[in-house]
Amino acid sequence: MKHKNFTNYFRQMNKLNYPQHVAIIPDWNRTWAKEKWFAKFVWHLEWFNRIVEIWKYIFEQTPIKVYTVWWLSTENLKNRSKEELEYLFELYKKIPTDLFDMLKENKVNFRIAGNRNWLPQHLLDFLDKKIKELTFPESDRFMFLAINYWGQDEIIRAMKKLCESNLQPTKENLEKFMDFWQVPPVQLVIRTKQKLAKRLSGFMLWWIWYAQLYFTDIYCPDLTVDEFKKALIWYDETSKTQNYGK
């Protein structure tokens with residue numbers, strides 16, 4: 001959906017119908033870097049800078065409760081070089097460190113999602129420590145990093161745990177063993193890739209059953225706060241036409 005002028009919309013952001021849970025599939029980092037002749041792995045740092053700005057905007061200026069970023073798929077973990085993965089692992093440590101004060105001040109729970117297998121122990125130990133430091137039982141706001149994540153794997157892992165328990169095989173009981181069990185389902189999915197990848201790639205399959213899907217024209221390192229606002233405006237407008245099965 002296109003608008004001739006977003007200025008008036010930006011002035012009315014406080015009147016929007018905000019999604020409770022926003023999730024993003026960042027794509028085309030490499031293509032963006034090649035076009036700009038950037039050095040190796042710089043695209044990851046550029047995306048990190050953009051997403052930090054968006055995190056701050058979300059938790060300081062909007063009522064959005066949950067924001068999930070798919071940082072590393074299971075497929076990426078298998079196919080990326082050791083050098084690139086080590087760079088990413090250090091970047092993941094930087095996220096809760098740089099955002100610590102903001103998350104604590106706004107009582108945002110820090111969480112990771114995904115299969116912990118094949119992730120280095122030093123990374124898990126560091127992130128687990130930050131999770132303990134950034135847990136606020138009275139708060140319903142969450143920031144999720146999806147690392148070594150794949151939607152089908154999340155379901156399979158939960159099914160195995162349910163089978164090992166004494167609980168009945170119900171939807172509610174299965175969700176108790178899933179990565180996102182404590183937060184509302186996704187209402188808005190944002191995917192970057194210049195509309196060349198209108199797919200979900202196995203992302204959060206259990207949780208997106210009524211999500212609105214927003215495909216942006218830009219590369220993920222160019223996803224600024226203003227571009228993110230456009231997705232929120234689009235969600236507000238399209239959600240008015242949905243009856244969600246009623």
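See the structure above.
Please read all numbers here as calculations on a predicted model, not as lab measurements. (Residues numbered from 1 in each chain as written. Predicted model: local features only at pLDDT ≥ 70, side-chain atom pairs only at ≥ 80, totals over all residues. Heavy atoms only, no water.)

Asker: So what exactly am I meant to see when it comes to the pairing of strand S1 (residues 21-25) here?
Answerer: Each regular strand shows side chains that alternate between the opposite faces of the sheet. With respect to burial, S1 is a largely interior element, 5 of its 5 residues being buried. The alternating pattern of S1 places His21, Ala23 and Ile25 and Val22 and Ile24 on opposite faces, both of which are buried. Sheet analysis places S1 next to strand S5 (residues 188-192), joined by 4 bridges and oriented parallel. Of the residues in S5, the one forming a bridge with Val22 is Leu188. (Buried < 20%, exposed > 50% of the residue type's maximum accessible area, 1.4 Å probe, protein only. Helix = DSSP H or I, 4+ residues; strand = E, 2+ residues; numbered from the N terminus. Pairing = 2+ DSSP bridges.)

Asker: Got a minute to help me understand helix H7 (residues 121-133) in this structure?
Answerer: Note on helix geometry: an α-helix contains 3.6 residues per turn, so any two residues three or four positions apart are oriented the same way. Its 13 residues give H7 an end-to-end C-alpha distance of 18 Å, which sits within 8% of 18 Å, the value for a rise of 1.5 Å per residue. Looking at H7, one finds that the buried residues are Leu123, Leu124, Leu127, Lys130 and Ile131. Burial along H7 is one-sided: seen end-on, the buried residues are contained in an arc of 130°. Close packing links the buried residues of H7 with helix H5 (82-98), helix H6 (100-105), strand S3 (108-113) and strand S4 (141-149). (Expected span 1.5 Å × (residues − 1). Arc of directions from axis to C-beta. Contact = heavy atoms within 4.5 Å.)

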